[in-house]
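# Examining the three-dimensional arrangement
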Amino acid sequence: MSRSKFEEKLQLAIEFAQNTKTEFSFYYIDIDNLRLINDVYGYIVGDIVLKNVADHLQEVLNDPFVVARIGDDEFGVILMDVGPAEALAKAQVLCKSIAEMEINPLGDDGIFITNSIGVASYPHNGQALDDLMLAAEVACITSKRKGKNRAQLLDTVNDNINPTVVHERILILREALSSKDSIVPFYQPIVDLATGEPMGYEVLARVKRGENFLSAGLFVDAAEKSGLMQEIGERVIEQAMKEKNSSWAKDKLFFINFSMREVENLDTIRFLADLFNRYEIDPEDIVVEITERETVRDINAVHTFAKELTELRVRLAVDDFGSGFSSFLYLRYFDCYFAKIEGSLVRDITRSGRSRMIVENMAKLLQRLSIEVIAEFVENREVAKILENAGIRFGQGYYLGKPSRCPGNGS
């Protein structure tokens, strides 16, 4: 299939997703150093390598909508009804499986290859064909710059140095903030693994763009550079507090993530206390997450924040536990009620004995400290079962429930 034919298929996927209000993901796969193979072994061998890769893609991917060669050493893959997190997880498995292939066009001397995969998803990274093609290609280029033999999701690509991109995102945010209903909370369930019932919801920001809602994570850097982050956060949190009294949310916990900048802001606690009074919210129904990924610039400020939360009767959670060294500082100094285990560790437990051992022992440590454990990135039944067998009570991920605007209405 030619690149133009592939683009026709991609346009069909966009139209289908628009009509059905679903999502899909697109891989831009580049075979690393194919030119060197061509130079050493010749173009016939290079073509055999590409044919083997094409066959492998068809074999290992679960019912792809399209697999096509779209360049000299590039392939395009479309996976319908697959969102960003699941797409990245599948791409990482695919990347590893290609690296483990042994191709023997010359008899006993095997040829081993690696690949770089760029991942983009509709509508998260664009709603037009050109936008999605560019998004996946930029992610692929970034994966090569980071050392090749890896998959890269556009959400984590640092394309915010492009002033045009930043300016466009700032304009979108300003436009959304000028409209009453364009920046809203979505809710992702946090589920009891034994019963399958949600015990709470993480509050996530979404930016409405036309008929679609885009993850606010795409706009974080633009929001910080333009000074709009606080206004966005306050808009989403206040709306969530209004909706906390809905029938579906009354007996559930709301998990709200605060950046380190918000933790260090003395007005954050006052803002929360005011919302609790205004909307008659029981503070014990609110869990404040502090993300472990950010550097602790002022441990005293974090300590003050945690102390004031406790006095307010709000529970504290550590997000992304295990992604760095701040985790253990939090355990040492703060009375944490929950800890969310870093998603990439959870995602790998079915294929990495080391990741599984780390997760199981983290859980044991946290449980001995009387901290409730939540596993993130639970993307399939096998992962959920391993976690439950390890004594982990709660999980969060697309297998257990996707973010939605109103869980009570199933939307």
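The rules we used
- Residues numbered from 1 in each chain as written.
- Predicted model: local features only at pLDDT ≥ 70, side-chain atom pairs only at ≥ 80, totals over all residues.
- Heavy atoms only, no water.
- Helix = DSSP H or I, 4+ residues; strand = E, 2+ residues; numbered from the N terminus.
- Rg over C-alpha atoms; globule rule 2.2 N^0.38 Å.
- Buried < 20%, exposed > 50% of the residue type's maximum accessible area, 1.4 Å probe, protein only.
- Contact = heavy atoms within 4.5 Å.
- Patch = residues over 30% accessible without salt bridge, like charges linked within 9 Å, V, L, I, M, F, W, Y side chains within 5 Å.
- Areas by Shrake-Rupley, 256 points an atom, 1.4 Å probe, with all protein chains shown as cover.
- Salt bridge = Lys/Arg side-chain N within 4 Å of Asp/Glu carboxyl O.
- Expected span 1.5 Å × (residues − 1).
- Arc of directions from axis to C-beta.
- Axes fitted to C-alpha atoms, helices over the stretch in contact; angles between N-to-C directions.
- Parallel < 35°, antiparallel > 145°, perpendicular 65-115°, else oblique.
- Left-handed = near helix turned anticlockwise from the far one by under 90°.
- Nonpolar A, V, L, I, M, F, W, Y, C, P; charged D, E, K, R; others polar.
- Polar contact = N/O pair within 3.5 Å; in protein donor to acceptor, adjacent residues only side chain to side chain.
- Core = buried A, V, L, I, M, F, W, Y, C linked by side-chain atoms within 4.5 Å.
- Lys, Arg positive; Asp, Glu negative; His and termini not counted.
- Phe/Tyr/Trp six-rings, centres within 6.5 Å; stacked < 30°, edge-to-face > 60°.
- Lys NZ or Arg CZ within 6 Å of the ring centre and 35° of its normal.
- Pairing = 2+ DSSP bridges.

## Focus on the overall build of the protein
- For the protein, the count of helices and strands is 15 helices and 16 strands.
- Its C-alpha radius of gyration of 23 Å places the protein within 12% of the 22 Å reference for a compact globule of 411 residues.
- Projected onto the principal axes, the alpha-carbon positions of the protein cover approximately 70 × 50 × 40 Å.
- Buried positions account for 52% of the 411 residues belonging to the protein.
- Taking the intrachain contacts of the protein between residues at least 6 apart in sequence as the baseline, contacts between residues at least 24 apart amount to 68%.

## Observations regarding a nonpolar patch on the surface
- On the surface, a cluster of nonpolar side chains totalling about 400 Å² of accessible area is made up of Leu36, Val40, Tyr41 and Leu106.
- For the nonpolar patch, the element with the highest residue contribution is helix H2 (residues 34-41), accounting for 3 residues.

## Observations concerning helix H11 (residues 299-312)
- An ideal rise of 1.5 Å per residue puts 20 Å on 14 residues; H11 measures up with 20 Å between its terminal C-alpha atoms.
- Buried within H11 are the following residues: Ala301, Val302, Phe305, Ala306, Leu309 and Leu312. Projected onto a plane normal to the axis of H11, the buried residues spread over an arc of 135° and lie on a single side. Relative to its buried face, H11 has exposed residues pointing more than 90 degrees away, namely Asn300 and Glu311.

## Quick word on unusual backbone geometry
- The step from Tyr122 to Pro123 runs through a cis peptide bond, and the omega angle for that step is 5°.
- For Asp81, which is not glycine, the phi torsion reads 55° and is therefore positive.
- Of note, Asp81 is situated in the loop between strand S3 (74-80) and helix H4 (84-99).
- For Asp81, a relative accessible area of 45% translates into the label partly exposed.
- Even without a glycine there, the phi angle at Lys148 is positive, about 70°.
- With respect to the secondary-structure elements, Lys148 resides in the loop between helix H5 (129-145) and strand S7 (150-153).

## A few points about the packing of helix H3 (residues 43-60) against H4
- Contact geometry of H3 with H4 gives a least axis separation of 11 Å together with a crossing angle of 135°. Taken as axis vectors, H3 and H4 run oblique relative to one another. Relative to H4, the crossing made by H3 is right-handed. Contact with H3, carried on its side by His56, Leu57 and Val60, involves Leu94, Ser97 and Ile98 of H4 and no other residues of that element.
- Here the residues of the contact of H3 with H4 sort into 4 nonpolar, 2 polar and no charged.

## Observations concerning helix H15 (residues 381-389)
- Residues of H15 that are buried include every one of Val383, Ala384, Ile386 and Leu387, and no others. On an axial view of H15, the arc spanned by its buried residues comes to 165°, and they lie on one face. In this structure, H15 carries Arg381, Glu382 and Asn389 as exposed residues pointing more than 90 degrees from its buried face.
- For H15, the secondary structure elements touched by its buried residues are helix H13 (343-347), helix H14 (353-368) and strand S15 (372-375).
- By the N-cap criterion, in which a side-chain oxygen at the helix start approaches the backbone nitrogen of a residue two or three places on, H15 is capped by Asn380, the distance to Glu382 being 3.1 Å.
- Where H15 terminates, the next one or two residues include Gly391, which has phi positive at roughly 85°.

## Thoughts on the pattern of salt bridges
- Counted according to the given criterion, the structure contains 20 salt bridges.
- The partner of Arg313 in a salt bridge is Glu284, with the nearest N and O atoms 3.5 Å apart. Here Arg313 is found in the loop between H11 and strand S13 (315-321), whereas its partner Glu284 is found in the loop between helix H10 (267-279) and strand S12 (286-291), with 29 residues between them in sequence.
- Look at Arg313 and you get partly exposed, because its relative accessible area is 42%.
- Close ionic contact of Arg393 with Glu372 constitutes a salt bridge, the shortest N to O distance being 3.5 Å.

## Describing the nonpolar core
- Core analysis: the largest hydrophobic core is formed by 71 residues, its most contacted members being Met241, Phe254, Leu387 and Ile392.
- Per element, the largest residue contribution to this core is 6 residues, and it comes from H10.
- If we skip the residues at most four places from it in the chain, Phe254 touches Tyr187, Tyr201, Val203, Ala240, Met241, Lys244, Trp248, Ala249, Asp285, Ile286 and Val287.
- Tyr27, Ile31, Val53 and Leu79 belong to the second-largest nonpolar core, a separate cluster that totals 30 residues.

## A short note on the side chain of Asp73
- Counting through the fold element by element, Asp73 comes out in the loop between strand S2 (66-69) and S3.
- At 6.3 Å, Lys144 is the nearest oppositely charged side chain to Asp73, a buried residue that forms no salt bridge.
- Ignoring any residue separated from it by four or fewer positions in sequence, one finds Asp73 in contact with Ile29, Asp30, Ile31, Leu34 and Leu50.

## A closer look at the packing of aromatic side chains
- Scanning the entire structure with this criterion turns up 11 aromatic pairs.
- Judged by centre distance (5.5 Å) and plane angle (40°), the ring pair of Phe6 and Phe26 falls under tilted. One end of the pair, Phe6, is in helix H1 (residues 3-20); the other, Phe26, is in strand S1 (residues 24-31), and 20 residues separate them in sequence. The same class applies to Phe6 as to Phe26, namely buried.
- Grouped by ring-pair contacts, the aromatic residues Tyr187, Tyr201, Trp248 and Phe254 constitute a single cluster.
- Sitting over the face of the ring of Phe254, Lys244 holds its NZ or CZ atom 5.3 Å from the ring centroid.
- We note Arg315 situated over the ring of Tyr337; from NZ or CZ to the ring centre the distance is 4.6 Å.

## Quick look at the pairing of S1
- The element S1 is largely enclosed, with a buried count of 8 among its 8 residues.
- Side-chain alternation along S1 places Phe24, Phe26, Tyr28 and Asp30 on one buried face and Ser25, Tyr27, Ile29 and Ile31 on a second face that is also buried.
- With 7 bridges connecting them, S1 and S3 associate as antiparallel partners. Following the sheet pairing, Asp30 is matched in S3 by Glu74.

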